[in-house]
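Chain and residue survey
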Amino acid sequence: MTVQDRPQRMTPSEALVETMAANGVTHVFGIVGSAYMDALDLFPAAGIRFVPVAHEQGAAHMADGYARASGRHGVCIAQNGPGITNFVTAIAAAYWAHSPVVFVTPETGSMTLGLGGFQETEQLPIFSKITKYQGHVNNPRRMAEIAARCFHHAMLESGPAQLNVPRDYFYGECLSTIAAPMRIGRGPGDAAALDAAARLLARAKFPVIVAGGGVNLAEGRAEAIALAELLHAPVCNSYLHNDSFPATHALWCGPLGYQGSKAAMKLIAEADVVLALGTRLGPFGTLPQHGLDYWPTGASIIQVDADAKVLGLVKPIAVGVHGDAKAAAAALLARLQDRELACASNARERARRIADEKAAWERELGEWTHERDPFSLEVAAGSPHMHPRQVLRELEKALPRDAMVATDVGNICSVSNSYLRFDRPRSMFAAMSFGNCGYAFPVACGAKFAVPERPAIAYVGDGAFGISLNELLTCARERIGVTVVVFNNGQWGAEKKNHVDFYSRRFQAVDLVNPSWARVAQAFGCEGVRVESLDDVAPALRAAVTAQADGTCTVLEMMVTQELGDPFRRDALSKPVRYLDKYRACS
Ligand SMILES: Cc1ncc(C[n+]2csc(CCOP(=O)(O)OP(=O)(O)O)c2C)c(N)n1
Ligand SMILES: [Mg+2]
């Protein structure tokens, strides 16, 4: 770290790069561009590796994956105009994944701004709703100050911060101090609210904890475990945060929500008090599933979150605690430690319930080798390919214990939610609420840069792979050892499911004509393996993971049937209604 306490003469480019170094930045993702070449020139001397990617969306996703895996800033940069607009989807995804991404956006030069010159667009409004902070360098002499604020706010509010710089403002001279990174503790929250929460928990007969992404962000695993053990409370992961509580723990029940754990859903349905720890209780995360409308509407909900605006936003709550998940859990522990707890009286009974529900769900998953709806039975009957669920089970068994898995948006990736269990925090990087196809592969690349010693694996549908496969170029060139599991079912399956369920199988634009994805990978300079039989799934995954050590990216092309799991948006579609004669057949 090169923090200085006295102002020094430097250029704005030097101020930016020094601020990056002071914040521990070692990797910056992007595509080279004239706009910021003066800063780029300094990266090697500052100990920063510039990772050139194939598409700027990939750069911002990699920054997101880097941040999610490491807890440090992920950083990306691009050319003004089109390079920056290519960031948009990935920054929106990072926003909803709560990732501290700092993205540097050089913009058109200050002397031609507004004249409609080359590569010009207003770069602040585009990102205004998907950032926690937007810093605009309105004077080159303020580069160090504003850049530092971006790094600070990204961490303070766990989300993307934009540093917008007129491209001529990289040049010049300033007298700057490079600030040390600021870290403001959030604290446990209001004492009265914590007292009220402790009172509710002490009286609870069937308390259940929902561990959200905030537990990971706050590094609060030990406190969450201690609290769960004190209360003998089952712990559900919030939707797509399967890594928020260790799956090997007896009190772990699995994820809520789409393709989640029936055990978790059945247990939370009985709760009289729910402690939602570090979760916004997003609307998708508690949707009915497996025919279970499990959210306990009669229970008292205690919600803890570092973002005050999400408290009580989606679900009515009895107590809201505006605090850090770790600190709040510790504060609750301190309040409950020596107290008489109503839940102690039936602890053994509940422990048995938890074990029984988990065993029943495991059994059911074990027997659930394929989908059983008429469409799935029909398409699987004549297919030589593997059942997706069986592939997911085999992958689960072969996953290394310390694996990091990024998952995409699609039918099979969604079903994988049932089969992904983790012991370590910062292990699951699903495309969160933004839900963009094409998320997982570049995110896994970013995670690998952040924690090279851990295996990095992406689960991707064949359609979504078409959106993101260009980063195979980056993998080959930069020797990124990641494993990409591509589920080749020859269709945009998740959307086809809607055609099946709601549009009488009037299929349109859902069938894919794929090349051999394994051969495509080879053509890019990566490894590619086509997997056609169940027995080959685990060995192929193990070999690919072993090859990560020497920087080999492997695409495992899983040949699977076209059967389709439960639909995603049962809540948002309805049977078609047509009034015009012309369209009568479309109903
Ligand atoms: C960028 C983007 N475009 C479109 C969609 C809509 N969408 C959601 S799931 C899906 C199908 C995914 O297909 P595939 O990746 O092949 O996975 P599968 O469902 O077949 O398992 C599509 C097109 C989206 N979520 N994101
Ligand atoms: Mg598909």
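Residues numbered from 1 in each chain as written. Chains lettered and ligands numbered in written order. Predicted model: local features only at pLDDT ≥ 70, side-chain atom pairs only at ≥ 80, totals over all residues. Heavy atoms only, no water.

1. Section: the coordination of the magnesium ion (ligand 2)
The protein atoms donating to the magnesium ion (ligand 2) are D462 (OD), N489 (OD1) and Q491 (O), with metal-donor distances spanning 2.1 to 2.2 Å. Read in sequence order, the donor residues for the magnesium ion (ligand 2) give the motif D-x26-N-x1-Q. With D462 in helix α17 (residues 462-468) and N489 in the loop between β18 (483-488) and α19 (493-502), this pair connects stretches of sequence that are 27 residues apart. Classification of N489 as buried rests on a relative accessible area of 7%. (Donors = N, O, S within 2.8 Å, 3.2 Å for Na, K, Ca; no water. Helix = DSSP H or I, 4+ residues; strand = E, 2+ residues; numbered from the N terminus. Buried < 20%, exposed > 50% of the residue type's maximum accessible area, 1.4 Å probe, protein only.)

2. A closer look at the site of ligand 1
Taken together, the neighbourhood of ligand 1 is formed by 17 residues, with N411, D462, G463, G493 and A494 sitting nearest. G435 is positioned such that a nitrogen or oxygen atom in its backbone is 2.9 Å from a nitrogen atom of ligand 1. At 2.8 Å from an oxygen atom of ligand 1 is found a main-chain nitrogen or oxygen belonging to G463. About the coverage of ligand 1: the protein hides 78% of its 580 Å² of free accessible area. Taking a 2 Å distance to the grid points as the criterion, the majority of the atoms of ligand 1 fall inside the second largest pocket. (Near = heavy atom within 4 Å. Polar contact = N/O pair within 3.5 Å; in protein donor to acceptor, adjacent residues only side chain to side chain. Areas by Shrake-Rupley, 256 points an atom, 1.4 Å probe, with all protein chains shown as cover. 1 Å grid on protein atoms, 1.4 Å probe; cavity = no way out; pocket = protein on both sides within 12 Å on 5 of 7 lines; lining within 4 Å. Sits in = over half its atoms within 2 Å of the grid points.)

3. Structural notes on the layout of surface pockets
In this structure, the second largest pocket occupies an estimated 340 Å³ of space. Contributing to the lining of the second largest pocket are 23 residues, with V409, G410, N411, A494 and E495 lying nearest its centre. Partitioned by chemical class, the residues of the lining of the second largest pocket number ten nonpolar, ten polar and three charged. (Points joined across faces, edges and corners; volume = space filled by probe spheres on them. Nonpolar A, V, L, I, M, F, W, Y, C, P; charged D, E, K, R; others polar.)

4. Topic: the pattern of salt bridges
The final tally for this structure, using the stated rule, is 25 salt bridges. E396 is the partner of R393 in a salt bridge, and the nearest nitrogen-oxygen pair spans 2.9 Å. One end of the pair, R393, and the other, E396, are both in helix α14 (residues 388-398), three residues apart, so they sit about a helical turn from each other. Assigned by exposure class, R393 and E396 land together as buried. A network of salt bridges, in which partner residues are shared, links E362, R393, E396 and R421. (Salt bridge = Lys/Arg side-chain N within 4 Å of Asp/Glu carboxyl O.)

5. Some details on the sheet that holds strand β11 (residues 252-255)
In space, the six strands of this open sheet follow the order β11-β10-β9-β12-β13-β14, with parallel pairing throughout. Taken across any chain shown, the strands that pair with only one partner, and hence form the sheet edges, are β11 and β14 (319-322). On average, adjacent strands in this sheet sit at an angle of 15 degrees to one another, irrespective of strand direction. Bridging between strand β9 (residues 207-211) and strand β12 (residues 273-277) involves five bridges; their strand directions are parallel. Note that in β12 the partner of V210 across the bridge is A276. Sheet strands in contact with helix α9 (residues 221-231) are β9, β10 (235-237) and β12, and its direction is about 165 degrees off that of β9. (Pairing = 2+ DSSP bridges. Axes fitted to C-alpha atoms, helices over the stretch in contact; angles between N-to-C directions. Contact = heavy atoms within 4.5 Å.)

6. A word on unusual backbone geometry
Where the residue is not glycine, phi is negative for most of them; where a peptide bond is considered, it is trans in most cases. Phi angles above zero are rare outside glycine, and E219 is one such case at about 55 degrees. One can find E219 in the loop between α8 (213-217) and α9. Even without being a glycine, R426 presents a positive backbone phi close to 50 degrees. Mapped onto the elements of the fold, R426 is located in the loop between α15 (411-415) and β16 (428-430).

7. Some remarks on the side chain of K497
Among the secondary structure elements, K497 is positioned in helix α19. What makes K497 buried here is its relative accessible area of 5%. Each residue touching K497, except ones within four places of it in the same chain, is listed here: D373, N411, L564, G565, D566 and P567.

8. Side note on the nonpolar core
As a rule of thumb, nonpolar side chains are buried together in soluble globular proteins. With 94 residues, the main nonpolar core has F87, Y459, F465, L472, V484, F487 and M558 as its most contacted residues. If we ignore the near neighbours within four places in the chain, the residues touching L472 are F441, F465, V520, A521, F524, C526, C553 and V555. (Core = buried A, V, L, I, M, F, W, Y, C linked by side-chain atoms within 4.5 Å.)

9. Quick word on the packing of helix α16 (residues 440-450) against helix α18 (residues 471-478)
For the pair α16 and α18, interaxial distance at closest approach is 10 Å and the crossing angle is 25 degrees. Accordingly, the angle class assigned to the pair α16 and α18 is roughly parallel. Considering how the two elements wind past one another, α16 and α18 form a crossing that is left-handed. The segment α16 lies against α18, with F441, P442, C445 and F449 engaging E471, L472, C475 and E478. Taken together, the residues that form the contact of α16 with α18 break down as six nonpolar, no polar and two charged. (Parallel < 35°, antiparallel > 145°, perpendicular 65-115°, else oblique. Left-handed = near helix turned anticlockwise from the far one by under 90°.)

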